[in-house]
Amino acid sequence: METLFLVGIIIFLGTSAGKVFQKFKIPQVVGYIIVGVLLGESVFGILKQSTIETFTPIINVALGLIGFRIGAELKGEVFKKYGRSIYTILFSEGLFTFVLVTLLVTLITKKFYLGLLLGAIASATAPAATTDVLWEYKTRGPLTSTILAIVALDDGLSLVIYGFASVFAKAMIVDADFTLMQGIGVPLFELSKSCILGGCIGYGLSKLLSYIKDKERMFTFSVAAVILTVGSAILLKLDFILSAMVLGAVFANRSPQVSRNVFDSIERFSPPIFILFFVLVGARLQAKLFLNMSIALLALVYLVGRTSGKMAGAWFGG
């Protein structure tokens, strides 16, 4: 089916569903995802997996813009004021979730290595849906600042946990030796490279925009910097969302006034891209898999464990 026709349909239906869900006091992102499920192979089959793959660059740009926008919240004064709470809640919710999901999955499946891997994945918090809800309701204040900082840092913590868990799980499966360097050293090295990439491009962007007064050119250069960061990270096999976050953080801290105008422009420009992104996320969901009782039970246990772990950990940390 013609790609542009599909894009138009996706954005039109996604926007309409988001508005309907808002009427019932439900975040619009839920409407976007449900439209995606309906258009995907699970229901009407309009968006097949092969079709979704052609939208991969748009999905990556959307995630890059989300990361860039989250990075804007990682200002020095935020960490000076709320740093202690941020770090305490971050480690509590991440580790609580990892431990609880690992235990529950292991009890259900009797496979400790599977529990470790799913527990590590569960510790991550996808930034897209969280930030979309916060932006939809235009929230401001210490709670919002704390949440955005935790969401931004959570990927780094989860990468370290996953590195540890995956190496340990592999050692259990193939009876190999576990080394601390493989479990923690390698993920930290990968994180460092992602941060260096985003930091260098962010520094260059702030220097470049200090010589430019035209707001439209500022915005254009900033979007180009995000796309360049995402593309470079993918080429180097790095975490492009983390790189985009560091890009936004460096830019926001080095050029506070200029970055404020740029981020305002991105908020006005990005809704169609975000709608397209969330509809495609919904379309990827293979809902028919849940007809298998063992998979449905595992998914339910995972969901309960992850939700409980996040809530209990955040409460304890708070």
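The structure this text deals with has already been given above.
The model shown is predicted, which means the values in this text are computed figures rather than measured ones. (Residues numbered from 1 in each chain as written. Predicted model: local features only at pLDDT ≥ 70, side-chain atom pairs only at ≥ 80, totals over all residues. Heavy atoms only, no water.)

## Considering the overall build of the chain
For the record, the criterion: In this text, helices come from DSSP runs of H or I with a minimum length of four residues, and strands from runs of E with a minimum of two, each type numbered from the N-terminal end. Here the globule rule reads 2.2 Å times residues to the power 0.38, and the radius of gyration is calculated from C-alpha atoms. Remark: exposure states derive from per-residue accessible area (1.4 Å probe, protein chains only) relative to the maximum for the residue type, with buried under 20%, exposed over 50%, and partly exposed in between. Throughout, the Shrake-Rupley method with a 1.4 Å probe supplies accessible areas, and for residues the shown protein chains are the sole cover considered. In this tally Asp and Glu are treated as negative and Lys and Arg as positive; neither His nor the chain ends contributes. Working definition for charges: the position is that of NZ of Lys, CZ of Arg, CG of Asp or CD of Glu.
For the chain, the count of helices and strands is 14 helices and zero strands. Ordering the α and β elements of the chain from the N terminus gives α-α-α-α-α-α-α-α-α-α-α-α-α-α. Against the 2.2 N^0.38 benchmark of 20 Å for 318 residues, the chain shows a C-alpha radius of gyration of 20 Å, consistent with a compact globule. A buried classification covers 46% of the 318 residues belonging to the chain. Carbon together with sulfur atoms contributes 71% to the accessible area of the chain, which is approximately 16,600 Å² in total. Of the side-chain charges in the chain, 27 are positive and 18 negative, and the distance between the mean point of each set is 5 Å.

## A few points about the pattern of salt bridges
The condition is simple: A carboxyl oxygen of Asp or Glu within 4 Å of a side-chain nitrogen of Lys or Arg is what we treat as a salt bridge.
In the structure shown here, the tally under the stated rule is seven salt bridges. Where Lys-310 meets Glu-93, a salt bridge forms, and the shortest distance between an N and an O atom there is 2.6 Å. Placement of the pair is Lys-310 in helix α14 (residues 293–317) and Glu-93 in helix α5 (residues 76–109), with a sequence separation of 217 residues. For the pair Lys-310 and Glu-93, a shared accessibility class is recorded, and that class is buried.

## Quick notes on helix α7 (residues 127–136)
Note the cut-off: The criterion used for residue contact is that any of the two residues' heavy atoms lie within 4.5 Å.
Most of α7 sits out of view: seven of its ten residues are buried. The set of residues buried in α7 consists of Pro-127, Ala-128, Thr-131, Asp-132, Leu-134, Trp-135 and Glu-136. Residues of α7 that are buried make contact with α1 (3–23), α2 (28–39), α4 (56–71), α8 (142–174), α11 (240–254) and α13 (271–284). Just downstream of α7 lies Lys-138, where phi reads positive at about 50 degrees.

## As for unusual backbone geometry
Leaving glycine aside, a negative phi is the common case for residues, and trans is the common case for peptide bonds. Positioned with a positive phi, Lys-25 is a non-glycine residue whose angle comes to about 65 degrees. Examined against the element boundaries, Lys-25 turns out to sit in the loop between α1 and α2. Judged by relative accessible area, Lys-25 falls into the exposed class, the value being 73%. With phi around 65 degrees, Lys-110 is a residue other than glycine that occupies positive phi space. Its place among the elements puts Lys-110 in the loop between α5 and α6 (112–122). Given the relative accessible area of 69%, Lys-110 is considered exposed.

## A short note on the side chain of Ser-222
Checked against the element boundaries, Ser-222 lands in helix α10 (residues 215–235). If we skip the residues at most four places from it in the chain, Ser-222 touches Leu-205, Leu-209, Phe-251 and Val-262.

## So, the state of the cysteines
The line we're drawing: Disulfides are defined as pairs of cysteine sulfur atoms found within 2.5 Å of each other.
With the rule as written, the count across this model stands at zero disulfides. Here Cys-195 is not cross-linked by a disulfide; its sulfur's nearest cysteine counterpart is in Cys-200, at 11 Å.

## Let's talk about α5
Test applied: Throughout, bend refers to the angle between the axes fitted to the seven residues that end at a position and the seven residues that start at it.
Along its length, α5 shows its largest kink, about 80 degrees, at Tyr-82. Lys-110 occupies a position one or two residues after α5 and carries a positive phi of about 65 degrees.

## Section: the nonpolar core
Worth spelling out the cut-off: Among buried residues, the Ala, Val, Leu, Ile, Met, Phe, Trp, Tyr and Cys ones that are joined through side-chain atoms within 4.5 Å form a nonpolar core.
Membership of the largest hydrophobic core comes to 69 residues, with the highest contact counts inside it found for Leu-47, Phe-68, Val-279 and Leu-280. Here this core gets nine residues from one element, more than from any other, and that element is α13. Those residues in contact with Phe-68 that lie beyond four places of it in its chain are Val-226, Ala-244, Met-245, Leu-247, Gly-248, Phe-251, Val-262, Phe-263 and Ile-266.

Bear in mind that shape data such as this cannot, by itself, settle questions of function.
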